[in-house]
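Geometric and topological summary
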Amino acid sequence: MKRLTAYGFLMLLLLSGCGAQLSPDEAQESIQVIAMDTAMLITTYGERSPAAAYACEDTIRDLEKKLSRTDPDSEVSRLNNAGTLEDSESELRSILIQAGQYCQKTGGAFDITVAPVVAAWGFAGGDGYRVPSQKELDRLLELVDGFAVKGNGQTLSLGPGQSIDLGAIAKGYAADKLVGVFQEYEVPRGLAQLGGNVLAYGDRPDGTPWRVGIQDPAKPDDQNAFAGVLELTDAFAVTSGGYQRYFEENGKRYHHIIDPATGYPADSGLTSVTVAAGISDGSGAMCDALSTALFIMGEEKALDLWRHWDGTPFELVLVTEDGRVVVTEGLADRFTPDESGGYAYETVS
Ligand code: AMP
Ligand code: MG
C-alpha cells in the first residue's frame, strides 16, 4: 500500500518581492505554522505585524487544542469519548451549530458525524490506510447522522456510538478568527494560507488584489501547475479535492472526502471545488464546509445550490474529471485561466 499526501494545493503568488516598495507603516512579517495537520503560512503587514502574526499562531494553536481529534485532551476528543461535554466557552458549540446548518443545507453531504467512517479508511491518523469491508461500512454508516448532535443548556451531546471530525470546517473557522486578530492588531493587509483555506485580507501593498492560484488537480505534485488564478481582496477562497490526500491500493486511488451516502470516497465527477466569498461573519467556515460538501455533491447539484442559496453569497470554480473548469459568473472577471493545463473553460450563470 502506498501512502501519498499532497498539501500546498493553493499556491500564493507574488507574496514576496514587494519588500522594496514598502512604506514604513507596511512592515511585514511572515511565519510558517504546522498545525491542524497541515502547513500554514501567515503574512501580516503594518507596524504591529510581528505581534499580529504571532497572535494568529496563538489563535490557531488554541483552536487546535480544542478541536483536534487526535489529542486525547481536546474538547472534541472528550466529547467523542464520553458522548457529552459540559461546554463552558461555547466555541465548540458555535462550530457545531454552523456544522449542523451546513449539514442541513447540503442535504447531509457535509456531516461531521462521518468521523467513524473517515477513521475506518485510516484518514484520522493512527494505524495506516485501508479499504474497509462493505459490512464494516454498513455498520458505521448507521452512526452517521448530523442531526443527532445536540446542545442542551451547557451540555453538548452526541447520539449513541457517534463521534465527530471537524477536519472539513475547522480551518475555515480558524480563518474567520484570524480576521478578528487582524482587526485587533490594525493590520492593513495580510494573507493567511491554512492548507487549502486562504484568507486574502485587504489588498497587496501596491493596491492590486492578492493573486491566489488554484492547483491543477491533475498535477498535484507540480506546485506551478494551476487550473487558473483568482484575484481576491477581502475574501476567503477554500479548495477541496481528492488529490489533497489519498492512498492507492491495487492500482485504485482512495481519497479522504467521504460521501456519507455510500461510506466511500466521493465519486461525483469533480476533481476540485473552490468556494470563494467576501469576508463577513462566518464566511470562512462557510467556504470550508461548502467546498467539502460540493465536491461530494457534484457539478449539477453544486450549481443548483449556488443558484438557490439564500445565505452569504459565494462563488465557485469547479474542475471536472472530463477536463473542464466551470466558473460562476460573479467570479468571472477575477479569474484568469491557465491555458497550459489543457482545460476547457466555461462561465455559468
Ligand atoms: P476538506 O479538506 O475541508 O474538504 O475536509 C476533508 C476532511 O474532512 C477529511 O480529511 C475528513 O477529516 C473530513 N470529512 C471527510 N468527509 C466529510 C464529510 N462528508 N463531511 C464532513 N467532513 C468530512
Ligand atoms: Mg472543507
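Notes on the structure in this doc start here. (Residues numbered from 1 in each chain as written. Chains lettered and ligands numbered in written order. Predicted model: local features only at pLDDT ≥ 70, side-chain atom pairs only at ≥ 80, totals over all residues. Heavy atoms only, no water.)

**Digging into the site of ligand 1**
Heads up, the rule is: For this description, a residue counts as near a given molecule or strand if any of its non-hydrogen atoms is within 4 Å of it. In protein, a polar contact requires one atom able to donate a hydrogen and another able to accept it; more generally it is a pair of N or O atoms within 3.5 Å, and residues adjacent in sequence count only if both atoms are side-chain atoms. Shrake-Rupley sampling with a 1.4 Å probe provides the accessible areas, and residues are treated as covered by the protein chains on show and by no other component. Grid points spaced at 1 Å and placed over the protein atoms alone form the basis of the search, with a cavity being a set where a 1.4 Å probe fits but cannot get out and a pocket an open set showing protein on both sides within 12 Å along at least five of seven lines. Lining residues have an atom within 4 Å of a point. Any molecule with more than half of its atoms within 2 Å of a cavity's or pocket's grid points is regarded as sitting in that cavity or pocket. Put simply, DSSP marks the helices as runs of H or I at least four residues long and the strands as runs of E at least two long, and each gets a number from the N terminus on. Under this grouping Gly is polar, as are all residues other than the nonpolar Ala, Val, Leu, Ile, Met, Phe, Trp, Tyr, Cys and Pro and the charged Asp, Glu, Lys and Arg. Domain limits in this description derive from either an automatic procedure or a database domain assignment.
In the vicinity of ligand 1 lie 16 residues, with A109, D165, S240, I258 and T292 positioned nearest. S240 has a polar side-chain atom sitting 2.6 Å from an oxygen atom of ligand 1. D288 places a polar side-chain atom, nitrogen or oxygen, 3.0 Å from an oxygen atom of ligand 1. Look at ligand 1: alone it shows 500 Å² of surface, and the protein chains cover 95% of it. Judged by its atoms lying within 2 Å of the grid points, ligand 1 is housed in the largest pocket. Counting residues per element, the shell around ligand 1 draws most heavily on helix α7 (residues 283-297), at 3 residues. Considered class by class, the residues forming the shell around ligand 1 number 9 nonpolar, 4 polar and 3 charged. Each of domain 1 (24-65 + 168-348) and domain 2 (71-157) contributes no fewer than three residues to the shell around ligand 1.

**Here's the deal with the coordination of the magnesium ion (ligand 2)**
Formally: Sites may look incomplete, because water is not among the atoms used; the donor set itself consists of N, O and S atoms within 2.8 Å of the metal (3.2 Å for Na, K and Ca). Throughout this description, buried means an accessible area under 20% of the type-specific maximum (1.4 Å probe, protein chains only), exposed means over 50%, and partly exposed covers the range between.
Taken together, A168 (O), D288 (O), D288 (OD) and T292 (OG1) make up the full set of protein donors to the magnesium ion (ligand 2), lying 2.0 to 2.4 Å away. Expressed as a motif, the donor residue spacing for the magnesium ion (ligand 2) is A-x119-D-x3-T. Placement of the pair is A168 in the loop between β7 (155-157) and α6 (170-184) and D288 in helix α7, with a sequence separation of 120 residues. Residue D288 is classed as buried on the basis of its relative accessible area of 4%.

**Observations regarding the nonpolar core**
The cut-off we apply is this: Nine residue types can take part in a nonpolar core, namely buried Ala, Val, Leu, Ile, Met, Phe, Trp, Tyr and Cys, and a core is a set of them joined through side-chain atoms within 4.5 Å. In what follows, residue pairs with any heavy atoms lying within 4.5 Å of each other are defined as contacts.
L166, L294 and F314 are the most contacted members of the largest nonpolar core, which has 73 residues in total. Two domains each donate at least three residues to this core, and these are domain 1 (24-65 + 168-348) and domain 2 (71-157). Beyond its immediate sequence surroundings of up to four residues, F314 is in contact with V275, A276, A277, M286, L290, L294, L305, W306 and W309.

**So, the sheet that holds strand β16 (residues 315-320)**
Basically, it comes down to this: A strand pair is defined by DSSP finding two or more bridges across the two strands. Fitted lines through C-alpha atoms give the axes, limited to the stretch in contact for helices. The angle between two N-to-C directions lies from 0 to 180 degrees.
Reading across from one edge, β3-β4-β8-β9-β12-β15-β16-β17-β19 is the order of the 9 strands in this open sheet, with mixed pairing throughout. Every other strand in the sheet has two partners, leaving β3 (28-35) and β19 (344-348) as the edge strands with one partner each. Along the sheet, successive strands turn relative to each other by an average axial angle of 15°, direction set aside. The pairing of strand β4 (residues 38-45) with strand β8 (residues 190-194) spans 5 bridges and is classified as antiparallel. By the bridge assignment, I42 is partnered in β8 with A192. Along the sheet, α7 contacts β9 (197-201), β12 (235-241), β15 (270-278) and β16; its crossing angle with β15, the most-contacted strand, is approximately 160°.

**Describing the packing of helix α1 (residues 49-67) against α6**
Applicable threshold: The crossing is said to be left-handed when, going from far helix to near helix, the turn is anticlockwise and less than a right angle, and right-handed when the turn is clockwise.
Where α1 contacts α6, the two axes come as close as 10 Å, and the packing angle between them is 145°. In the crossing of α1 with α6, the sense of the turn from one axis to the other is right-handed. When α1 is examined against α6, the residues A52, A55, C56, T59, I60, L63 and L67 are found in contact with a partner set consisting of A170, Y173, A174, K177, L178, V181 and F182. Within the contact of α1 with α6, the residues separate by chemical class into 12 nonpolar, 1 polar and 1 charged.

**Focus on helix α3 (residues 91-105)**
Stated formally: By this rule the span expected of a helix is its residue count minus one, scaled by 1.5 Å.
If you check α3, its first and last C-alpha atoms are 21 Å apart, about what 15 residues at 1.5 Å a residue would give, namely 21 Å. Backbone geometry just downstream of α3 places G107 in the positive-phi region, at approximately 60°.

**Notes on the sheet that holds β7**
Across the sheet, which stays open at both edges, the 3 strands sit in the order β5-β7-β6 with antiparallel pairing between neighbours. Only two strands of the sheet have a single neighbouring strand rather than two, namely β5 (84-86) and β6 (150-152). On average, each strand axis in the sheet is tilted by 20° relative to the strand beside it, whichever way the strands run. One ladder, built from 3 bridges, connects β6 with β7; its direction is antiparallel. Directly across from G151, in β7, lies its bridge partner L156. Contacts from helix α2 (residues 75-82) reach β5 and β7, with the element oriented near 135° to β5.

**With respect to the packing of aromatic side chains**
Note the cut-off: Aromatic pairing here means that ring centres of Phe, Tyr or Trp (its six-membered ring) are within 6.5 Å. Orientation follows from the plane angle: under 30 degrees is stacked, over 60 is edge-to-face, and everything else is tilted. Each ring is checked for a lysine NZ or an arginine CZ that lies within 6 Å of its centre and within 35 degrees of its normal; such an atom marks a charge sitting over the ring.
Inspection of the entire model under this criterion finds 11 aromatic pairs. Ring centres 6.5 Å apart and planes at 45° place the aromatic pair W121 and F247 in the tilted group. Here F247 lies in strand β13 (residues 245-249) and W121 lies in the loop between α4 (115-120) and α5 (134-141), a separation of 126 residues in the sequence. Between F335 and Y345, the aromatic rings sit 6.0 Å apart at their centres with planes inclined by 45°, giving tilted as the arrangement. One end of the pair, F335, is in strand β18 (residues 335-337); the other, Y345, is in strand β19, with 10 residues separating them in the sequence. Since its relative accessible area comes to 24%, Y345 is described here as partly exposed. Through a chain of ring-to-ring contacts, the aromatic side chains of W121, F123, Y129, F247, Y254 and Y264 assemble into a single cluster. The cationic tip of K105 hangs over the ring face of W309; the distance from NZ or CZ to the ring centre is 4.7 Å. The residue whose ring lies beneath R253 is Y246, and the NZ or CZ to ring-centre distance is 4.0 Å.

**Focus: the pattern of salt bridges**
Note the cut-off: Salt-bridge detection follows one rule: a side-chain nitrogen of Lys or Arg within 4 Å of a carboxyl oxygen of Asp or Glu.
Summed over the entire model, instances satisfying the criterion amount to 18 salt bridges. Residue R48 pairs with E186 through a salt bridge whose shortest N-O separation is 3.7 Å. You can see R48 sitting in the loop between β4 and α1 and its partner E186 sitting in the loop between α6 and β8, a full 138 residues away along the chain. The class of R48 is partly exposed, set by a relative accessible area of 39%. In this structure, R334 and D333 form a salt bridge, with 4.0 Å as the shortest nitrogen-oxygen distance. For R334, a relative accessible area of 34% puts it in the partly exposed group. Because the salt bridges share partners, they merge into one network encompassing D62, K66, E91 and K177.

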